[in-house]
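Fold and contact review
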Amino acid sequence: MKKHNFSAGPCILPQDVFKEASQSVLDFNESGLSILEISHRSKDFVDVMDEARSLVLELLQLEGKGYKVLFLQGGASTQFLMTAYNLLENSAGYLNTGTWSTKAIKEAGLFGSINEVASSKDQNFNYIPKGYEISKDLDYFHCTSNNTIFGTQMKAFPTISVPMVCDMSSDIFSRQIDFLQFDLIYAGAQKNLGPAGTTLVVVKEDILGKVSRQIPSMLDYQVHIGKSSMFNTPPAFAVYTSMLTLRWLKAQGGIKAIEELNEKKAQLLYSEIDVNPLFKGFAVEEDRSIMNATFSLINEDLKETFDAMWKEAGINGLNGHRSVGGYRASMYNALTIDSVAVLVDVMSDLERKA
Ligand SMILES: Cc1ncc(COP(=O)(O)O)c(C=O)c1O
């Protein structure tokens with residue numbers, strides 16, 4: 001039976017990527033060797049890393065603009081502290097839009113003073129704060145473009161005079177943004193990019209080297225830039241599979257084409273949430289994420305029936321995060337609109353039955 005994977009991450013990746021990656025585990029580039037056993041210094045792997053890096057810049061339209069691309073380890077969670085280690089001299093501004101921003105704030109607080117410019121904690125993070133001030137004296141401003149757990153997404157970013165750092169873990173490569181407005185973007189790979197195990201960092205080189213502290217090599221962006229992400233052994237399979245996903249995205253028509261599809265998928269599901277009297281959405285309408293839709297049953301008595309119905313339809317990964325409850329449908333790039341249609345059918349079937 002076909003599965004419809006709405007998991008929040010690790011999550012669905014394109015079937016073609018799974019096929020090619022699994023073939024390369026057996027025989028990479030007809031070399032008679034597995035991608036898992038070749039040296040990261042071999043030409044074959046260096047080519048993979050180079051292609052992955054250049055596809056990132058091409059897809060984000062950042063070629064020739066002073067950005068460097070890194071594939072690191074330690075997840076986006078390590079970036080919470082690595083950004084501060086490298087950039088925070090005195091104070092930084094943070095927009096608190098959920099669990100992940102809160103964690104980023106906690107880690108950065110170890111390195112300097114944190115100015116929480118605004119927070120949506122008062123409403124359990126169901127909206128994106130707007131109209132806040134960002135002082136020009138800050139070392140940088142940090143925000144989270146998409147709040148995976150709460151299903152909210154920043155539709156606009158502030159115009160500021162200090163460097164902007166953004167955690168794009170759950171919506172990178174999903175929509176067109178002017179990426180030039182960011183000085184550092186980071187993302188754990190395990191949503192739109194590839195398998196868990198590598199973290200993408202895109203950094204404008206000229207913001208680095210300005211803090212007075214000593215930085216341990218593994219946490220120093222300049223060290224990783226100097227060694228082209230090969231300061232230590234890179235997570236070769238995760239980088240390779242990410243490169244295949246980036247190739248796939250380019251073949252789909254890039255971010256513009258995937259955004260159109262993502263908008264259609266989100267529109268289909270949110271219309272059902274709004275029209276079906278059995279459900280209600282969690283995030284305020286104007287801030288709804290096109291990647292993660294959060295919603296719940298109005299009458300919890302229907303939970304058992306609904307859960308049985310979606311599981312029967314082959315749907316996977318629909319349970320909401322414990323801090324929100326209800327349901328969360330993650331509709332990352334590789335999820336087809338047919339899968340969303342299956343979920344919408346189950347929701348309207350429930351209405352007919354109830
Ligand atoms: C927006 C966001 N930031 C950070 C993280 C943490 O990522 P990692 O598990 O790679 O450390 C996640 C994980 O889901 C996330 O969604």
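Treat the numbers as computed from the prediction; the structure is a model and nothing was measured.

Moving on: the overall build of the protein. Looking only at helices and strands, the protein has nine helices and 14 strands in total. Scaling as 2.2 N^0.38, a compact globule of 354 residues should have a C-alpha radius of gyration of about 20 Å, and the protein matches this with 21 Å. Dimensions of the protein, computed from C-alpha atoms along their principal axes, come out at roughly 65 × 55 × 30 Å. Here the protein holds 354 residues, and the buried ones make up 55% of them. When contacts within the protein are restricted to residue pairs at least 6 apart in sequence, long-range pairs at least 24 apart make up 67% of them. Averaging the locations of the 33 positively and 42 negatively charged side chains of the protein gives two centres separated by 2 Å.

Here the focus is the domain arrangement of the protein. The extent of an interface is frequently quoted as the accessible surface area lost upon association of the parts. Here the protein is partitioned into domain 1 (15-251) and domain 2 (254-353). The interface is formed by 29 residues belonging to domain 1 together with 25 residues belonging to domain 2. Both sides of the domain 1 and domain 2 interface together cover about 2300 Å² of buried area, and 54% of this is carbon and sulfur. By the criterion of area lost to domain 2, the three top residues of domain 1 are Asn126, Ile149 and Gln176, representing 22% of everything that side buries. A salt bridge links Glu286 to Lys130; its shortest N-O distance comes to 3.1 Å. Here domain 1 is connected to domain 2 by 18 residue pairs in polar contact (both at pLDDT 80 or more). Every element with two or more residues in the side of domain 1 that touches domain 2 is listed here: β7 (152-153) and α6 (236-251). Among the elements that make up the side of domain 1 that touches domain 2, the one with the highest residue count is α6 (three residues). Classifying every residue of the side of domain 1 that touches domain 2 by side-chain character gives 11 nonpolar, 12 polar and six charged.

Here the focus is unusual backbone geometry. Of note, the bond from Gly9 into Pro10 is cis; its omega dihedral lies within 30 degrees of zero at -5 degrees. In this structure, Asn124 takes a positive phi of about 45 degrees despite not being glycine. For Asn124, the location among the structural elements is in the loop between β4 (113-119) and β5 (141-144). Residue Asn124 is classed as partly exposed on the basis of its relative accessible area, which comes to 32%. Backbone geometry at Ser228 places phi at a positive 50 degrees, although glycine is not the residue there.

With that settled, the discussion passes to the pairing of β4. Walk down a regular strand and you will see the side chains alternate between the two sheet faces. Bridge count between strand β3 (residues 91-96) and β4: six bridges; the pairing is parallel. Among the inter-strand pairings, Ser91 is bridged to a residue of β4, identified as Ser113. Handedness of the crossover is the feature at issue here: the chain leaves β3, passes through helix α4 (residues 99-108), returns alongside β4, and the resulting connection is right-handed.

Before going further, it helps to spend a moment on the packing of helix α8 (residues 303-312) against helix α9 (residues 337-353). Look at α8 against α9: their axes get within 10 Å of each other, and the N-to-C directions meet at 140 degrees. Regarding the angle of α8 to α9, the classification is oblique. For the element pair α8 and α9, the recorded crossing hand is right-handed. Contacts between α8 and α9 involve Thr305, Phe306, Met309 and Trp310 on the former and, on the latter, Val346, Met347, Asp349, Leu350 and Lys353. Residues that form the contact of α8 with α9 fall into these classes: six nonpolar, one polar and two charged.

What follows concerns the sheet that holds β5. Pairing within the open sheet is mixed, and its seven strands lie in the order β2-β10-β9-β8-β5-β3-β4. Across the chains shown, the open sheet's two edge strands, defined by having one partner strand only, are β2 (67-72) and β4. Neighbouring strand axes in the sheet, compared pairwise and without regard to direction, differ in orientation by 15 degrees on average. Where helix α2 (residues 43-59) meets the sheet, it contacts β2 and β10 (199-204), and its direction lies at approximately 130 degrees from that of β2.

Now for α8. In an α-helix there are 3.6 residues to a turn, and that puts residues three or four apart on one side. For α8, the complete set of buried residues consists of Phe306, Asp307, Met309 and Trp310. Mapping the buried residues of α8 onto a view down its axis gives an arc of 165 degrees, with all of them on the same face. Facing away from the buried side of α8, by more than 90 degrees, are the exposed residues Glu304 and Glu312. Following α8 by one or two positions, Gly314 has its phi on the positive side, about 90 degrees.

Around the ligand, the structure places 13 residues, and the nearest of them are Ser77, Thr148, Asp167, Gln190 and Lys191. Trp100 is positioned with one of its side-chain polar atoms (N or O) 3.4 Å from an oxygen atom of the ligand. In this structure, Thr148 approaches the ligand through a side-chain N or O atom, which is 2.5 Å from an oxygen atom. Starting from 390 Å² of accessible surface for the ligand in isolation, the protein chains cover 86%. For the shell around the ligand, the leading source of residues is helix α3 (residues 75-87), giving four residues. The class makeup of the residues in the shell around the ligand is three nonpolar, eight polar and two charged.

Cut-off values and rules
- Residues numbered from 1 in each chain as written.
- Predicted model: local features only at pLDDT ≥ 70, side-chain atom pairs only at ≥ 80, totals over all residues.
- Heavy atoms only, no water.
- Helix = DSSP H or I, 4+ residues; strand = E, 2+ residues; numbered from the N terminus.
- Rg over C-alpha atoms; globule rule 2.2 N^0.38 Å.
- Buried < 20%, exposed > 50% of the residue type's maximum accessible area, 1.4 Å probe, protein only.
- Contact = heavy atoms within 4.5 Å.
- Lys, Arg positive; Asp, Glu negative; His and termini not counted.
- Charge placed at Lys NZ, Arg CZ, Asp CG, Glu CD.
- Domains from an automatic or database assignment.
- Buried area = accessible area lost by both parts, 1.4 Å probe.
- Salt bridge = Lys/Arg side-chain N within 4 Å of Asp/Glu carboxyl O.
- Polar contact = N/O pair within 3.5 Å; in protein donor to acceptor, adjacent residues only side chain to side chain.
- Nonpolar A, V, L, I, M, F, W, Y, C, P; charged D, E, K, R; others polar.
- Pairing = 2+ DSSP bridges.
- Right-handed = clockwise from strand over helix to strand, strands pointing away.
- Axes fitted to C-alpha atoms, helices over the stretch in contact; angles between N-to-C directions.
- Parallel < 35°, antiparallel > 145°, perpendicular 65-115°, else oblique.
- Left-handed = near helix turned anticlockwise from the far one by under 90°.
- Arc of directions from axis to C-beta.
- Near = heavy atom within 4 Å.
- Areas by Shrake-Rupley, 256 points an atom, 1.4 Å probe, with all protein chains shown as cover.

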